[in-house]
Amino acid sequence: MSYLTQKTVKEKISFSGIGLHSGLNVNICIKPAEDDFGIVFKRIDLKNNNLIYPNFMNVTNTSLNTTIENEFGVKVSTIEHLMGALFGLGIDNALIEIDKEEVPILDGSAKIFVKQIKSIGFKISNAPIKIIKIDKEVTYTEGQKFISIKPSPLNLEINFELKYENKIIGNQANKFKIYEDDLTDVYNSRTYCLYKDIEKIKKNGLAKGGSLQNAIVVNDDEILNPEGLRNEKEFVNHKILDCIGDLYTSGYRIVGNIYCSQGGHYLTNQFLRKVFKNKENFSI
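Residues numbered from 1 in each chain as written. Predicted model: local features only at pLDDT ≥ 70, side-chain atom pairs only at ≥ 80, totals over all residues. Heavy atoms only, no water.

Asks: What's the story with the packing of helix 1 (residues 80-88) against helix 5 (residues 234-247) in this structure? I'm lost.
Replies: Helix-helix packing is described using two parameters, namely the angle between the two axes and the distance between the axes. Between helix 1 and helix 5, the least distance of the axes is 7 Å, while the angle of their chain directions is 80 degrees. With respect to helix 5, the element helix 1 is oriented roughly perpendicular. In this structure, helix 1 uses E80, H81, M83, G84 and F87 to contact helix 5, whose residues at the interface are H238, L241, D242, I244, G245 and D246. Its residues assigned to classes, the contact of helix 1 with helix 5 comprises 4 nonpolar, 4 polar and 3 charged. (Axes fitted to C-alpha atoms, helices over the stretch in contact; angles between N-to-C directions. Helix = DSSP H or I, 4+ residues; strand = E, 2+ residues; numbered from the N terminus. Parallel < 35°, antiparallel > 145°, perpendicular 65-115°, else oblique. Contact = heavy atoms within 4.5 Å. Nonpolar A, V, L, I, M, F, W, Y, C, P; charged D, E, K, R; others polar.)

Asks: Hey, could you run me through the pairing of strand 11 (residues 131-134) in this one?
Replies: Along strand 11, the buried face is formed by I132 and I134; none of I131 and K133, which line the opposite face, is buried. Bridge analysis of strand 11 against strand 20 (residues 282-283) gives 2 bridges, and the strand direction is antiparallel. Paired with I134 across the strands is F282, a residue of strand 20. (Buried < 20%, exposed > 50% of the residue type's maximum accessible area, 1.4 Å probe, protein only. Pairing = 2+ DSSP bridges.)

Asks: Just checking my understanding: could you explain the sheet that holds strand 7 (residues 67-69) for this structure?
Replies: The strands that make up a sheet are held in pairs by hydrogen bonds between backbone atoms, and each pair lies either parallel or antiparallel. Strand order in the open sheet formed by 3 strands is 6-7-8, with antiparallel pairing between adjacent strands. One side of each edge strand has no neighbouring strand; the edge strands of this open sheet are strand 6 (59-61) and strand 8 (75-76).

Asks: I'm lost on the sheet that holds strand 17 (residues 216-219) in this one. Help?
Replies: Ordered by their spatial adjacency, 3 strands build an open sheet running 16-17-18, and the pairing between neighbours is mixed. Since the sheet does not close on itself, it has two edges, and those belong to strand 16 (192-194) and strand 18 (222-223), each with one partner. Judged from the 2 bridges that link them, strand 17 and strand 18 form a sheet pairing that is antiparallel. Note on strand 18: the bridge partner recorded for V218 is I223. This element, helix 5, spans strand 16, strand 17 and strand 18 of the sheet and lies at about 135 degrees to strand 17.

Asks: So what exactly am I meant to see when it comes to the packing of aromatic side chains here?
Replies: Two numbers describe a pair of aromatic rings. These are the distance of the centres and the angle of the planes. This structure, assessed with the given rule, holds 9 aromatic pairs. Ring geometry for F87 versus Y248: centroids 5.0 Å apart, planes at 90 degrees, classification edge-to-face. Here F87, found in helix 1, pairs with Y248, found in the loop between helix 5 and strand 19 (253-261); they are 161 residues apart in sequence, far enough to count as distant. Y248 carries the same exposure label as F87, and that label is buried. When the centroid spacing of 6.5 Å and the interplanar angle of 25 degrees are considered together, the rings of Y252 and F276 count as stacked. With Y252 in the loop between helix 5 and strand 19 and F276 in helix 6 (residues 265-277), the pair connects residues that are 24 residues apart, well separated along the chain. (Phe/Tyr/Trp six-rings, centres within 6.5 Å; stacked < 30°, edge-to-face > 60°.)

This is how it looks when you write it as C-alpha cells:
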C-alpha cells in the first residue's frame, strides 16, 4: 500500500444505519474525489450551505462524539470512526454525502467501513500526500488527563492508556505504529459505556440509537454483550480508533510519537489547536 501518493476510493460506496445519539436512520455515500480535494462532508438533505469540512477548528462538540459545523450552523456528528477508517486506509480525498446530521454507528467500530472500502479498492494518484512533521514536543493537560507529541523520524506512533475504577476495564494500555502495524484490532473495537451511566446519557438526549448491537456495555464485573469482547484490549483499542479519527481533522498525515493518558475527543481537539497555534511546532 503506497503511503507517499494520494488515494481516493475507486468507486462510490454506500452505508446505511442508525445514528448512535439521534436514533434516526441515515444513509451515507463515499464518492471518489480529485487530488488535493481532502475529505469533505455534504449534507444532501439540505440544498444550500451544505458542505462541512472536518477540520479541528470546525469542531463544535466533543461530548461523547466529535461534531463538526460550518459557518452556517450546518453540522455532521459522530464522524470519528469513519475518519479513523479513512486515515488508517490512507484515503486523502473523498466526498461523503450524508442525508441527516449523524454518521451511522453501524456496529460501534470502524470494521464495516474498512471492510467495504477495502472490497471496492483504491484509486492511487501521483500527487504527493500532505505530511506534518512534528519538530517540537507539545503537551496538553487537563487535570489528570494529558496528551503529548514528540518528534519521530518516520511514523505516527500512538501510545494510549486508560484508567478506570471498573474491574473489567481497569488500567489498560496499548500502542501502535499507525503506518506500519496491523490495525485490525483497532478497527474492530467497539464504543463502550458503563451500565450505570446509560440513564444519565439518555437524560441528556443522547444514545437514542444505542444497543448491545453497537456498543459494549459493562455492568460492574460483567460484560452484558453475550459475545463478550472481540479482542483482549478492546476498550483501549477503541480509544486509539477515536484518537486516529480525531487526529485526521488536522487534514494531514502526522509524523510524531503521541502519548495519551485518559484522553478523549475534547483532549485531542484542544491538543491539535495547541500544536497548530505555533508554527515552530511542526513543518509541512
